[in-house]
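Architecture at a glance
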Amino acid sequence: MDTGRQPLWQEEPAARPRMADPVRTAAVRAVIIVAITLIQAMVAFLCTLAGSWFAFPAVLSTVASTVVATWGVLDVWVTRQVWVQRNGVQSQPSSTARELRRERRRARRQERRASREGSSGVDRAAA
């Protein structure tokens, strides 16, 4: 029963892979904290313009919220760095390079074994 129309919703592949859960949690927390801080700053500004008694406590809480918002944004960065360090992001070029290093290491080990076996045989014959 094809009507010739295109579907209303089409799935498109994501441009980037999804963030890791801990990083995404930290990012959501940081966005909420920054949004609340911006609202507090606006309230403090408007109360200052109106000459309200609430201006001073609002400014103090905005300063404190700015410190907390800075911590929240840094938390996202640190969480992302820790996650990448623990779980690693394995891209094709780096894994290829890693495999080449492994092959070179194996070759070096075999050369060392061969040289050790050859030198130990010579020492025994000389003795």
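Starting afresh in each chain, residues are numbered from 1 along the sequence in its written order. Local features in this predicted model are restricted to residues of pLDDT 70 or higher, and side-chain atom pairs are both shown and tallied only at a pLDDT of 80 or more, whereas totals for entire chains, interfaces and linings draw on every residue. Side-chain numbers here rest on the full set of heavy atoms in the structure, without hydrogens or water.

So, the packing of helix α1 (residues 21-50) against helix α2 (residues 55-87)
- Only the stretch in contact is used when a helix axis is fitted, and all axes are lines through C-alpha atoms; the angle between N-to-C directions ranges over 0 to 180 degrees. Runs of H or I in DSSP of at least four residues are treated as helices and runs of E of at least two as strands, each being numbered from the N terminus. Relative orientation of the contacting elements α1 and α2 amounts to 160°, with a least axis distance of 8 Å. The orientation of α1 with respect to α2, classified from their angle, is roughly antiparallel. The handedness of the crossing between α1 and α2 comes out as left-handed.
- Amino acid classes used here: Ala, Val, Leu, Ile, Met, Phe, Trp, Tyr, Cys and Pro are nonpolar; Asp, Glu, Lys and Arg are charged; the rest, including Gly, are polar. The class makeup of the residues in the contact of α1 with α2 is 19 nonpolar, nine polar and three charged. Orientation categories follow fixed angle ranges, with anything under 35 degrees roughly parallel, anything over 145 roughly antiparallel, 65 to 115 roughly perpendicular, and all other angles oblique. In this scheme the handedness of a crossing depends on how the near helix is turned from the far one: anticlockwise by less than a right angle means left-handed, clockwise means right-handed.

Comments concerning α1
- Helix span is expected to be 1.5 Å times the residue number reduced by one. Between its first and last C-alpha, α1 extends 44 Å over 30 residues, near the 44 Å set by a 1.5 Å rise per residue.
- Each residue gets one of three labels from its accessible area relative to the maximum for its type: buried under 20%, exposed over 50%, partly exposed in between, using a 1.4 Å probe on protein chains only. Among the residues of α1, those classed as buried are V23, A26, A27, A30, I33, T37, A44 and C47.
- The secondary structure elements touched by the buried residues of α1 are α2.
- Just beyond α1, the residue with positive phi is G51, at close to 75°. Any pair of residues with heavy atoms lying within 4.5 Å of one another is described as a contacting pair.

Here we look at a nonpolar patch on the surface
- A cluster of nonpolar side chains, contributed by I39, V43, W53 and F54, occupies part of the molecular surface with about 460 Å² of accessible area.
- Looking at the element boundaries, V43 is found in helix α1. To count toward a patch, a residue needs a relative accessible area over 30% and no salt bridge; like charges are then connected within 9 Å, while nonpolar side chains (Val, Leu, Ile, Met, Phe, Trp, Tyr) are connected within 5 Å. Using a 1.4 Å probe, accessible areas were evaluated by the Shrake-Rupley method; residue-level cover was limited to the displayed protein chains. What makes a salt bridge here is a side-chain nitrogen of Lys or Arg within 4 Å of a carboxyl oxygen of Asp or Glu, nothing more.

Structural notes on the packing of aromatic side chains
- Only the six-membered ring of Trp is used, alongside the rings of Phe and Tyr, when aromatic pairs are assigned; centres must lie within 6.5 Å, and planes under 30 degrees apart are stacked while those over 60 apart are edge-to-face, with the rest tilted. A complete count under the given rule lists one aromatic pair for this structure.
- Pairing W53 with F54 gives two aromatic rings, centres 5.7 Å apart and planes at 80°, and the pair type is edge-to-face.
- Accessibility expressed as a relative area gives 72% for W53, which makes it exposed.
- What makes F54 partly exposed here is its relative accessible area of 35%.

Observations regarding the side chain of S65
- By the secondary structure assignment, S65 is in helix α2.
- We classify S65 as buried; its relative accessible area is 15%.

Description of the side chain of T37
- Looking at where T37 falls in the secondary structure, it is placed in helix α1.
- When its relative accessible area of 9% is taken as the criterion, T37 is described as buried.
- Once residues lying within four places of it in the same chain are set aside, the contact partners of T37 are T62, S65, T66 and A69.

Let's talk about the confidence of the model for the protein chain
- For the protein chain, mean pLDDT is 86; residues scoring 70 or higher make up 85% of the total.
- Across the protein chain, the element-wise mean pLDDT spans from 76 in helix α3 (residues 92-126) up to 96 in α1. Residue-level confidence of the predictor is summarised by pLDDT, bounded by 0 at the bottom and 100 at the top.

A word on the environment of V78
- If you trace the backbone, V78 turns up in helix α2.
- Between the alpha carbons of V78 and A26 there is a distance of 9.6 Å; along the sequence they are 52 residues apart.

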